[in-house]
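Coordinate analysis (summary)
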Amino acid sequence: MGSIGFPVTRTSSSLVAPSSATPRETLRLSVIDRVAGLRHLVRSLHVFDGRADAGGDKAEEETPARTLREALGKALVDYHPFAGRFVEEDGEVRVACTAEGAWFVEAAAACSLEEVKHLDHPMLIPKEDLLPEPAPGVDPLDMPLMMQVTEFTCGGFVVGLISVHTIADGLGAGQFINAVADYARGLPKPRVSPVWARDVIPDPPKMPAPPPRLELLDLRYFTVDLTPDHIAKVKSRFLEATGGRCSAFDVCVAKTWQARTRALGLLDGDGDRPVHVCFFANTRHLLPAAAAAGFYGNCFYPVQATRGAGEVARADVVEVVRAVRDAKARLAGDFARWASGGFDRDPYELTFTYDSLFVSDWTRLGFLEADYGWGTPAHVVPFSYHPFMAVAVIGAPPAPKAGARVMTMCVEERHLPEFQDQMNAFADQ
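The model shown is predicted, which means the values in this text are computed figures rather than measured ones.

1. Details of the packing of aromatic side chains
- Counting across every chain of the model gives 21 aromatic pairs.
- Between Tyr301 and Phe335 the ring centres are 6.2 Å apart and the planes differ by 90 degrees, which places this aromatic pair in the edge-to-face class. Of the two residues, Tyr301 sits in strand E11 (residues 300-308) while Phe335 sits in helix H9 (residues 331-339), which places them 34 residues apart along the sequence. In this pair, the class of Tyr301 matches that of Phe335, namely buried.
- Among the aromatic residues, ring-to-ring pairing joins Phe280, Phe300, Tyr301, Phe335, Trp338 and Tyr348 into one connected group.
- Note that Arg198 overlies the ring of Phe295, its terminal NZ or CZ placed 5.6 Å from the centroid.
- A cation sits over an aromatic face here: Arg260 above Tyr354, 4.8 Å from the ring centre.

So, in structure tokens, the structure goes:
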């Protein structure tokens, strides 16, 4: 298959089982793992230049596909649930550790990465050609992991990953991928030992929640890069105004929320209409220390900031950053309150409406540090989009470019021009 100009040919596909014996058991998942909305596929492309000067140490005869296939089998011994299948038992989703294996595809592209601009946006090869096709006879939502390694004529390669969010959050998936990378570089064991321990996640009494409202939205894609200088200016202004510090993530969230609110045009007679921004904060630091170090399950809490549309649209961006910071400051208290059953409704059962923006941070998950022996990736391209969610993904632009890349599917066609203008105006400041 593949595009007309740059064909990609899948040369082999098979299951990769753990390289040695693993426990045969059925494992319970945590109450967060079992959130219905997490039973979806997370897709991403990891682009490696594969150059001799990229810091890699691989011998000439070792190919990326062969190396990753062998390393995956070893990592699946440590992370044996990834080699199992999701099953339903007693009315809940569990992981049957069957050692059947992860789906692995090898492919070759008839071009160099340079010819396709290292898969920078807009991509010259369809993502479908670089992501693994599902294993025959298995529901993709029942298989925790699928991987495709596509080798390019220049020696570079792309790792296409599809995982089910139910088994691991972003940090957990990044930890697993780094275990594969550790074995690929010849380490005798992963640098971080995995911890299953799903019982350390609180299991509060079930809270009432209405059925999720999934209104299909006709969203359009837009991406923009923010330079370190632009981010630093806002951080400096925030420090001057508040005496506190903020992160690049805070700045990206605030500006995207503000630009989107302005683009939606809610100010004409509706300036007090509430608008929301929601992101998912890591809560490992709130777990017992013994479990937190290598825990790879879902361990996050949905943090939400709500303000009137007029307040967000008209405010200085520093004030919008303050709203984001205030929401983050409630994390420990809200997580503890949830754990004790103190909420009237389940905060993990989210409401997906057009007045809500959902933000995901891909800069700190560990994917950018994964080195299979040919150096770290030039960039990572996530596809965390759903037709019922207005989403912004904060990532990094392709190396060596610095700063942040904001990848969005968060506005419909009628609001796209104004949203682009607002985001570009900030990027060009």
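Moving on from the coordinates now.
2. Notes on the environment of Phe6
- Note that Phe6 resides in the segment before strand E1 (8-16).
- It is 9.7 Å that separates the C-alpha atoms of Phe6 and Pro126, two residues lying 120 residues apart in sequence.
- With residues up to four places along the chain from it excluded, the contact list for Phe6 reads Cys111, Glu115, Val116, Leu124 and Ile125.

3. Brief notes about the environment of Val359
- Relative to the assigned elements, Val359 resides in strand E12 (residues 356-361).
- By relative accessible area, Val359 is classed as buried at 2%.
- Sequence-wise, Val359 and Leu416 are 57 residues apart; in three dimensions their C-alpha atoms are separated by 18 Å.
- Discounting chain neighbours no more than four positions away, the residues touching Val359 are Phe249, Val253, Val277, Cys278, Phe279, Phe280, Ala392 and Ile394.

The rules behind these values
Residues numbered from 1 in each chain as written. Predicted model: local features only at pLDDT ≥ 70, side-chain atom pairs only at ≥ 80, totals over all residues. Heavy atoms only, no water. Phe/Tyr/Trp six-rings, centres within 6.5 Å; stacked < 30°, edge-to-face > 60°. Helix = DSSP H or I, 4+ residues; strand = E, 2+ residues; numbered from the N terminus. Buried < 20%, exposed > 50% of the residue type's maximum accessible area, 1.4 Å probe, protein only. Lys NZ or Arg CZ within 6 Å of the ring centre and 35° of its normal. Contact = heavy atoms within 4.5 Å.

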